[in-house]
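A closer look at the structure
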Amino acid sequence: MLKRTRSMVCLCIAAALSAPSINANTLELPDIGTTASSTLTIDQELIYGDAYMRMLRSSQPIVNDPVLNEYISGLGHRLVANADDVKTPFTFFMIRDRNINAFAFFGGYVALHSGLFLHAQSESELASVVAHEIAHVTQRHLARSMEEQARRSPATLAALAGSLLLAIASPQAGMAAITATTAGSMQGTINYTRSNEKEADRFGIATLAKAGFEPKAMPRFFGRLADEYRYASKPPPMLLTHPLPEDRITDSRARAQNYPARRLDPSLNYNLARARIVARYAGIQAKAAHDWFDRTEKKAAPGVKAAFQYGRALVHLDNNELDEANKILQLLIKGDASNHFYLDALSDLYIAQKQADKAQQMLEKAMKASPNNPVLTINYANVLIKLEKNQEALRVLQRYTHDNPNDVNGWQLLSEANIHLGQSDEDLAARAEILALKANWNKAIQYYTQASQLAELGSLKQARYDARIDQLMVQRERFLALQ
Ligand SMILES: [Zn+2]
């Protein structure tokens, strides 16, 4: 069984902003001109958000799973569409971590820990956490908290934002670590943070209701978490200074009463996502995963039982028990031919069975209905590579990486296809893009320089590599100026 670890539902990084002991004189922000200013503009938030995201990619186990990304992104954007005061784009992503946690930061980035899925009992419960985080972004709590902090300390706003970037860069970082280590010294900010929390609950529950989820899921989930802490013999240090207070639960319960009660059927997609996490990202043995599916299926509504079959199929597939996996997946796809969870698993299965051509046909058919879908496209490119149709794969991936430049999967497959074709320069260029996404600017520039040296002198290709080197140098300068 999965170990239930306890931590707070929202380790909002606003809480991490306790008086940092940094020298404001050495940390300046020349490029975007805020050193003297006491407010952050939306543009500045976007720049910081992008920088934080790059640091997280290099320091956290981010789950680059196209199917799970599609699920959380769909859920997140359904909520965003029903939120007020949306001023930034939103990006939802998953971190492989069994601690229950979610956090949001500048630029509309919202992180969900995989452990959250095992704890939330319904899609509405998960959505209540996501809606809460969205509200932190739309209400600009982090910026407001930093502005407040800057007023009360000798550090400038830019220095505070930069110190957070440095904190993320530290190897053992992650938001939880930052929050935990500074919790003891955040008495000055804790009230402010609590008011942020309540505001995020208030806006979050409105969004939840408007988006068609169960408003009562929020107090239900918070209440269950609070119950666990109450009986925890050794709560994490952070909870001693930053508990999930009873009044927050009472407030959200009262607020939920203001909305018409709604009882939704359990969501199949939510349960498919959970099953996929248990099978692939929970770090447990096959036997334990099968036990989990058996146990959870017994309590599940008939409409979601397929999710546990799917989970079993994944475990079989990953353990090379291909016949068992095949039996289950064929039944599942028969009942739901356009389901991306199933198409993705079957595509892997056919590859494992050395029948990648079957996967190609299946995906081509599915892509007629949704041509640029990331899950289908990534699987399709992967299948083409397995079939040694590397030129075709290149065409698909060049377009994909152009449309989805922040998806590491696309660059990885592009690198792979180029290796098969013996195109070392293009392989280096693709890997350089992954490095740049992780703020490893020097190495990215080094790879592009090597690519340029390999390219024909004066060729268009070489000009493209050189132009990219110039861009990366500018990005590196801007990035370093933020710290
Ligand atoms: Zn919060």
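Reading the values: the criteria
Residues numbered from 1 in each chain as written. Predicted model: local features only at pLDDT ≥ 70, side-chain atom pairs only at ≥ 80, totals over all residues. Heavy atoms only, no water. Helix = DSSP H or I, 4+ residues; strand = E, 2+ residues; numbered from the N terminus. Contact = heavy atoms within 4.5 Å. Salt bridge = Lys/Arg side-chain N within 4 Å of Asp/Glu carboxyl O. Buried < 20%, exposed > 50% of the residue type's maximum accessible area, 1.4 Å probe, protein only. Pairing = 2+ DSSP bridges. Axes fitted to C-alpha atoms, helices over the stretch in contact; angles between N-to-C directions. Expected span 1.5 Å × (residues − 1). Phe/Tyr/Trp six-rings, centres within 6.5 Å; stacked < 30°, edge-to-face > 60°. UniProt positions renumbered as here; feature names shortened; annotations may be inferred. Core = buried A, V, L, I, M, F, W, Y, C linked by side-chain atoms within 4.5 Å. Left-handed = near helix turned anticlockwise from the far one by under 90°.

**Section: the overall build of the protein**
Looking only at helices and strands, the protein features 23 helices and three strands. Intrachain contacts of the protein at a sequence separation of at least 6 include 69% that bridge at least 24 residues.

**Some words on the pattern of salt bridges**
One side chain can pair with another of opposite charge once the charged atoms of both are near each other. Tallied over the entire structure, the rule returns 29 salt bridges. In this structure, Arg220 engages Glu125 in a salt bridge whose closest nitrogen and oxygen atoms are separated by 3.1 Å. With Arg220 in helix α9 (residues 217–230) and Glu125 in helix α4 (residues 123–138), the pair connects residues that are 95 residues apart, well separated along the chain. Overall, Arg220 belongs to the partly exposed group, its relative accessible area being 33%. Connected via shared salt-bridge partners are Glu125, Glu214, Arg220, Arg224 and Arg263.

**Observations regarding the pairing of strand β1 (residues 91–95)**
Within β1, four of the five residues are buried, which leaves the element mostly enclosed by the surrounding structure. Pairing of β1 with strand β3 (residues 109–113), which is carried by five bridges, proceeds in the parallel orientation. The partner of Ile95 across the bridge, within β3, is His113.

**Things to note about the sheet that holds strand β2 (residues 102–105)**
Here three strands make up an open sheet; going across it, the order is β1-β3-β2 and the pairing mixed. Looking at which strands have only one partner, the edges of the open sheet turn out to be β1 and β2. Neighbour-to-neighbour, the strand axes of the sheet open up by a mean angle of 20 degrees, direction not taken into account. Relative to β3, β2 is paired through four bridges, and the arrangement is antiparallel. Note that in β3 the partner of Ala102 across the bridge is Leu112. The strands touched by helix α1 (residues 42–59) within the sheet are β1, β2 and β3, with β2 carrying the most contacts at an inclination of about 140 degrees. Each of β1 and β3 is contacted by helix α2 (residues 66–80), which is oriented at about 135 degrees to β1, the strand it contacts most.

**Points about helix α12 (residues 268–280)**
Its 13 residues give α12 an end-to-end C-alpha distance of 18 Å, which sits within 8% of 18 Å, the value for a rise of 1.5 Å per residue. Of all 13 residues in α12, ten are buried, a share of seventy percent or more.

**Some words on the pairing of β3**
For a regular strand, the rule is simple: side chains alternate between the two faces of the sheet. Most of β3 is tucked away, with five of its five residues classed as buried. Neither face of β3 is left uncovered, since the one carrying Tyr109, Ala111 and His113 and the one carrying Val110 and Leu112 both have all their residues buried. Adjacent in sequence and paired antiparallel, β2 and β3 are bridged by three residues, among which Gly107 carries a positive phi angle near 80 degrees.

**Concerning the packing of aromatic side chains**
For the coordinates displayed, the defined rule picks out 16 aromatic pairs. Consider the rings of Phe90 and Phe92, whose centres lie 5.9 Å apart with planes at 15 degrees: the pair is stacked. For the pair Phe90 and Phe92, one class covers both residues: buried. With a centroid separation of 5.7 Å and 80 degrees between ring planes, the pair formed by Tyr310 and Phe341 is classed as edge-to-face. On the criterion of sequence distance, the pair formed by Tyr310 in helix α14 (residues 305–318) and Phe341 in helix α16 (residues 340–352) is long-range, its members being 31 residues apart. On the accessibility criterion, Phe341 (5% relative accessible area) is buried. Three or more aromatic residues joined by ring pairs make a cluster, and in this case those are Tyr48, Tyr52, Phe93, Phe103, Phe105, Phe106 and Tyr109.

**Things to note about the UniProt feature "repeat: TPR" (unreviewed entry) in the protein**
Following the UniProt record, one finds the feature "repeat: TPR" (unreviewed entry) at residues 340–373. End-to-end, the C-alpha atoms of residues 340–373 are 10 Å apart, and along that stretch the chain is 79% helix and 0% strand.

**Remarks on the nonpolar core**
A general trend in soluble globular proteins is that nonpolar side chains are found buried together. In this structure, Tyr71, Leu79, Leu116, Phe117, Leu126, Phe293 and Tyr310 are the most contacted members of the largest nonpolar core, which totals 100 residues. Those residues in contact with Tyr71 that lie beyond four places of it in its chain are Phe117, Glu123, Leu126, Asn269, Tyr270, Ala273 and Phe341. Membership of the second largest hydrophobic core comes to 45 residues, among which are Tyr109, Leu165, Ala432 and Ala436.

**Points about the packing of helix α15 (residues 322–335) against α16**
A pair of packed helices is captured by two measures, namely the crossing angle of their axes and the spacing between those axes. Relative orientation of the contacting elements α15 and α16 amounts to 145 degrees, with a least axis distance of 10 Å. Between α15 and α16 lies a crossing whose hand is left-handed. Between α15, through Leu322, Ala325, Asn326, Leu329, Gln330, Leu332 and Ile333, and α16, the contact on the second element is made entirely by Tyr342, Leu343, Ala345, Leu346, Leu349, Tyr350 and Ala352.

**Let's talk about the environment of Leu428**
Tracing the backbone shows Leu428 in helix α21 (residues 424–437). A relative accessible area of 9% means that Leu428 is categorised as buried. Among residues more than four places away in sequence, those in contact with Leu428 are Tyr447, Gln450, Ala451 and Leu454.

**Side note on unusual backbone geometry**
Phi is positive for Arg140, close to 55 degrees, though the residue is something other than glycine. Residue placement: Arg140 occurs in the loop between α4 and α5 (141–152). Phi at Glu388 is positive, roughly 60 degrees, even though this residue is not glycine.

**Description of the environment of Gln471**
If you trace the backbone, Gln471 turns up in helix α23 (residues 460–482). Once the C-alpha coordinates of Gln471 and Ile445 are considered, the two residues, 26 residues apart in sequence, prove to be 9.6 Å apart.

**Regarding the side chain of Asn382**
Inspection of the secondary structure assignment puts Asn382 in helix α18 (residues 374–386). We classify Asn382 as buried; its relative accessible area is 15%. Beyond its immediate stretch of four places on either side in the chain, Asn382 contacts Asp348, Ile351 and Leu413.

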